[in-house]
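# Descriptive structure summary
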Amino acid sequence: ANFHQTLETPTFRQTLIYNSRGMHDTDHLPAKPAATFRILMLGDSFVQALQVAEAQTAHQVLENDLNEAAAGPPLTYQVLSAGVGRWGTGQQLVYYRQEGRNFQPDLVLLLLYLGNDISDNLPGNGATLTGVNCYAPYFAICQGRLVPAPLAYAPGLSTRQNECSSGQRALVNALGAIYQHSRLYQHLEPLFSTRAPPFGAAFDNNFYLALYAAEEEPALTQAWQVTLKTIARLQREVAADGARLGLVLISPYLVVEIRRQPAELQQVLFEQAAAFDGVDVDRPNRRLAQFLTDHQIPFLDLTEAMVSRQNRDPAPLYIYGDGHWTVEGNRYAAELIAGWLREQALVPQ
């Protein structure tokens, strides 16, 4: 909360200012002003957009676009950013329950990044802060159904298996709480815990390419199950609050670059790398499209538009070496989302 610091990396330099709730956004009062249409934007680092100034983020550009098109009163649009790096759909569901719904959104937009949002829903998703591994809560599936209450991650006890019994869940939550406050537990963790990617070893640093492979690894199957079921759960909870849910799909930079190539060149690439055998650069997009259609969740897949734009305009949409959107990438994404919201009548006309 109220973080203010200059972030400098090999690929960008940016002065960051977080609001009083720790988001890369201006402050918004929970109570929605009269004659205001609120959009809550959930997501990971693409929504957080540390690589650009807050005024250049997709959420702020979208807000400006909607208000300019509205030509003033009687309606004002507010787009609230609730994006945090390394969040998956599980954490976004937890955030919506605890804070997001308090802002009384009329529309919740979930921006799903295929690079890591799905794997981030597995037990063990964490980040190292001040020398300590901090882990995300996670959801388990029992007998094919999502258990509504999340679990606290307990290194050494939480596994890829789903904790179904009430006793086992209570033990996991208790040890997870102890881990958060025990320096001894935190220091002993490296002896029995690993932070390696749960799947996609054949793809080295681009582990997410396992999503595009013909054969699905068991951990990826579980990640998909949790992802789809948390989205469905979020839809129900958003609807119960009187709002609507929409999804925006974001493909990784490498996938956009591969799709820019003619089909024959793609085939040559796949034949030259054994790990790419059976890769289909549209597989996860089709899977999500079918699921969202079946659940009557409106969605926008940015991939094809990004590919087309990059082919006709050399201005980069992704930061090379970083993988997030440039200033132009944020602007173009906001432009696409604004047009889609109007076409689908997800915002007042």
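Relevant structure appears above.
The following refers to the structure shown. The structure displayed is predicted, hence computed values, not measured ones.

Conventions adopted
- Residues numbered from 1 in each chain as written.
- Predicted model: local features only at pLDDT ≥ 70, side-chain atom pairs only at ≥ 80, totals over all residues.
- Heavy atoms only, no water.
- Helix = DSSP H or I, 4+ residues; strand = E, 2+ residues; numbered from the N terminus.
- Polar contact = N/O pair within 3.5 Å; in protein donor to acceptor, adjacent residues only side chain to side chain.
- Contact = heavy atoms within 4.5 Å.
- Buried < 20%, exposed > 50% of the residue type's maximum accessible area, 1.4 Å probe, protein only.
- Pairing = 2+ DSSP bridges.
- Salt bridge = Lys/Arg side-chain N within 4 Å of Asp/Glu carboxyl O.
- Phe/Tyr/Trp six-rings, centres within 6.5 Å; stacked < 30°, edge-to-face > 60°.
- Disulfide = S-S within 2.5 Å.

### A word on the side chain of Thr89
Along the chain, Thr89 falls in helix 3 (residues 89-98). Side chain to side chain, Thr89 and Thr230 meet in a polar contact 2.7 Å long. In contact with Thr89, not counting residues within four places along its chain, are Leu110, Leu112, Asp117, Asn121, Thr227, Thr230 and Ile231.

### Quick look at the pairing of strand 3 (residues 36-43)
For strand 3, the buried fraction is high: eight of the eight residues fall into the buried class. Neither face of strand 3 is exposed, since Thr36, Arg38, Leu40 and Leu42 on one face and Phe37, Ile39, Met41 and Gly43 on the opposite face are all buried. By the bridge criterion, eight bridges tie strand 3 to strand 4 (residues 76-83) in an arrangement that is parallel. Looking across to strand 4, one finds that Phe37 is bridged to Tyr77. Strand direction decides the pairing type here: strand 3 and strand 5 (residues 107-113), joined by four bridges, are parallel. The partner of Ile39 across the bridge, within strand 5, is Leu107.

### Some points on the pattern of salt bridges
Applying the stated criterion across every chain yields a total of 18 salt bridges. Residue Glu237 pairs with Arg97 through a salt bridge whose shortest N-O separation is 2.9 Å. Of this pair, Glu237 sits in helix 6 (residues 218-240) while Arg97 sits in helix 3, and the two are 140 residues apart along the sequence.

### Side note on the packing of aromatic side chains
Inspection of every chain in the model, using the stated rule, returns 14 aromatic pairs. Ring centres of Phe3 and Tyr18 lie 5.2 Å apart, and the angle between their planes is 35°; on these two criteria the pair is classed as tilted. Taken together, the positions of Phe3 in the segment before strand 1 (4-8) and Tyr18 in the loop between strand 2 (13-17) and strand 3 put the pair 15 residues apart, joining distant regions of the chain. Residue classification places Phe3 among the partly exposed residues on the basis of a relative accessible area of 32%. Of the residues examined, Tyr18 reaches a relative accessible area of 15% and is grouped as buried. On the numbers, 5.8 Å between centres and 55° between planes, the contact of Tyr135 with Tyr179 is tilted. Taken together, the residues span a long stretch of sequence, with Tyr135 in strand 7 (residues 132-135) and Tyr179 in helix 4 (residues 166-181) at a distance of 44 residues. Just as Tyr135 is buried, Tyr179 falls in that class too. By the ring-pair criterion, three or more aromatic residues cluster together here, those being Phe46, Tyr113, Tyr253, Tyr318, Tyr320 and Trp325.

### Focus on the state of the cysteines
Scanning the entire structure with this criterion turns up one disulfide. One disulfide in the model links Cys142 with Cys164; its S-S distance is 2.3 Å. Its torsion about the S-S bond being -110°, the disulfide of Cys142 and Cys164 is classed as left-handed. With Cys142 in strand 8 (residues 141-142) and Cys164 in the loop between strand 9 (145-146) and helix 4, this pair connects stretches of sequence that are 22 residues apart.

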